[in-house]
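Report on the structure
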Amino acid sequence: MKYQGPWPREAKLGGVLLAPSILSSDFAHLASEVASVESHGADWVHVDVMDNHFVPNLTLGAPIVASLRRHTKMPLDCHLMVENPEKLIPDFLKAGADGITIHVESTKDVASCLRSIREGGARCGITLRPHTKLGEILPFLDQVDLVLVMTVEPGFGGQSFMHNQVEKIKSLRETIDQRNLKVVIQVDGGVNEATRVYVEGVDCIVAGSAVFGASNRAAALKALS
Ligand code: DX5
Ligand code: ZN
């Protein structure tokens, strides 16, 4: 079932969507891990897909997304940290991904990847490594539903928030507002109760260790909202 809900700002009346990253969950109990954050008010499930080429880590593929699809009503927000995502996009669409985000650095044909995601009925997103300039993604702003700003180097959970990305978030917000676009700004990496203040005004927060690593997940989600 595809996500057909309203956009974040309308959905949460100016609030922020929370997307716990299962990268920090117990992979042996994924269904109950996801159910646990769903019951405590999470909005989306963030699925970090890593191929050990684009990033030096290996996680999971479309079969896990297909299994998760049967165990949660939350939208499955897939962040592809893979080289040549065009080869995998059809599998993720088929598996029931509601949103697919690709890295601008990961393919020679960003536009056609974005097109195939949209045509496949999913929300399409673009993201960039912390050291990639915002200008690299701006040509695609009219073709995406979401921009993910990475606030850690992609590859691992539990890293420290990169404060030098805050200007990028602000500049993106200004551009989106000036152009009157309906694009979701999502932030991913090192967001926790202490760094939450630096991402004020974004539409969607991804948090892995701050949610799945917390002894009280309800309180952790509340602190991020
Ligand atoms: C990093 C991933 C993130 C990561 C976030 O490559 O994209 O989604 O899981 O984890 P925390 O919140 O622990 O930084
Ligand atoms: Zn991610």
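Right, let's walk through the structure included here. Remember, predicted model here, so these are calculated numbers, not experimental data.

Conventions used here
Residues numbered from 1 in each chain as written. Chains lettered and ligands numbered in written order. Predicted model: local features only at pLDDT ≥ 70, side-chain atom pairs only at ≥ 80, totals over all residues. Heavy atoms only, no water. Helix = DSSP H or I, 4+ residues; strand = E, 2+ residues; numbered from the N terminus. Contact = heavy atoms within 4.5 Å. Lys, Arg positive; Asp, Glu negative; His and termini not counted. Charge placed at Lys NZ, Arg CZ, Asp CG, Glu CD. Donors = N, O, S within 2.8 Å, 3.2 Å for Na, K, Ca; no water. Buried < 20%, exposed > 50% of the residue type's maximum accessible area, 1.4 Å probe, protein only. Salt bridge = Lys/Arg side-chain N within 4 Å of Asp/Glu carboxyl O. Pairing = 2+ DSSP bridges. Axes fitted to C-alpha atoms, helices over the stretch in contact; angles between N-to-C directions. Near = heavy atom within 4 Å. Polar contact = N/O pair within 3.5 Å; in protein donor to acceptor, adjacent residues only side chain to side chain. Areas by Shrake-Rupley, 256 points an atom, 1.4 Å probe, with all protein chains shown as cover. Nonpolar A, V, L, I, M, F, W, Y, C, P; charged D, E, K, R; others polar.

**Digging into the overall build of the chain**
Looking only at helices and strands, the chain has eight helices and eight strands in total. Across its three principal axes, the chain shows a C-alpha extent of roughly 40 × 35 × 35 Å. Within the chain, residue pairs in contact and separated by at least 24 positions form 65% of the contacts whose partners lie at least 6 positions apart. Charge-centre separation for the chain: the mean point of 22 positive side chains lies 3 Å from the mean point of 26 negative side chains.

**Structural notes on the coordination of the zinc ion (ligand 2)**
Protein coordination of the zinc ion (ligand 2) is provided by H46 (NE2), D48 (OD), H79 (ND1) and D188 (OD), with donor distances spanning 2.0 to 2.3 Å. Going along the chain, you hit the donors of the zinc ion (ligand 2) in the pattern H-x1-D-x30-H-x108-D. Remark: D188 occurs in strand β7 (residues 184-188) and H46 occurs in strand β2 (residues 45-50); sequence separation between them is 142 residues. For D188, a relative accessible area of 8% gives the class buried.

**Points about the environment of R179**
Among the secondary structure elements, R179 is positioned in the loop between α6 (166-178) and β7. Once the C-alpha coordinates of R179 and L141 are considered, the two residues, 38 residues apart in sequence, prove to be 9.7 Å apart. If near-sequence neighbours (up to four positions away) are discounted, R179 is found in contact with L138, L141 and D142.

**Description of the pattern of salt bridges**
Applying the stated criterion across every chain yields a total of 10 salt bridges. Among the charged side chains, a network of salt bridges with common partners joins R173, D177 and D203.

**A word on the sheet that holds strand β4 (residues 99-103)**
In spatial order, the strands read β1-β8-β7-β6-β5-β4-β3-β2; together these eight strands make up an open sheet with parallel pairing. A strand with exactly one partner marks an edge of an open sheet, and here the two such strands are β1 (17-20) and β2. Pairwise comparison of adjacent strand axes, ignoring direction, gives a mean angle of 25° for this sheet. Both strand β3 (residues 76-81) and β4 contribute to a ladder of four bridges, which runs parallel. When the sheet's bridge partners are listed, H79 is paired in β4 with T101. In the packing of helix α5 (residues 110-119) onto the sheet, the strands contacted are β4 and β5 (123-128), and the crossing angle to β5 comes to about 150°. Here α6 sits on the sheet in contact with β5, β6 (146-150) and β7, set at roughly 170° to β7.

**Let's talk about the site of ligand 1**
Taken together, 20 residues are adjacent to ligand 1, and D48, G158, D188, G208 and S209 come closest. In the environment of ligand 1, an oxygen atom lies 2.7 Å from a nitrogen or oxygen atom belonging to the side chain of D48. G190 places a polar main-chain atom, nitrogen or oxygen, 2.8 Å from an oxygen atom of ligand 1. Expressed as a share of its isolated accessible area of 380 Å², the protein-covered part of ligand 1 is 100%. Looking at the shell around ligand 1, the elements with two or more residues in it are β2, β3 and β8 (204-207). In terms of residues, the shell around ligand 1 owes the most to one element, β2, which gives three residues. Residue composition of the shell around ligand 1, grouped by class: eight nonpolar, 10 polar and two charged.

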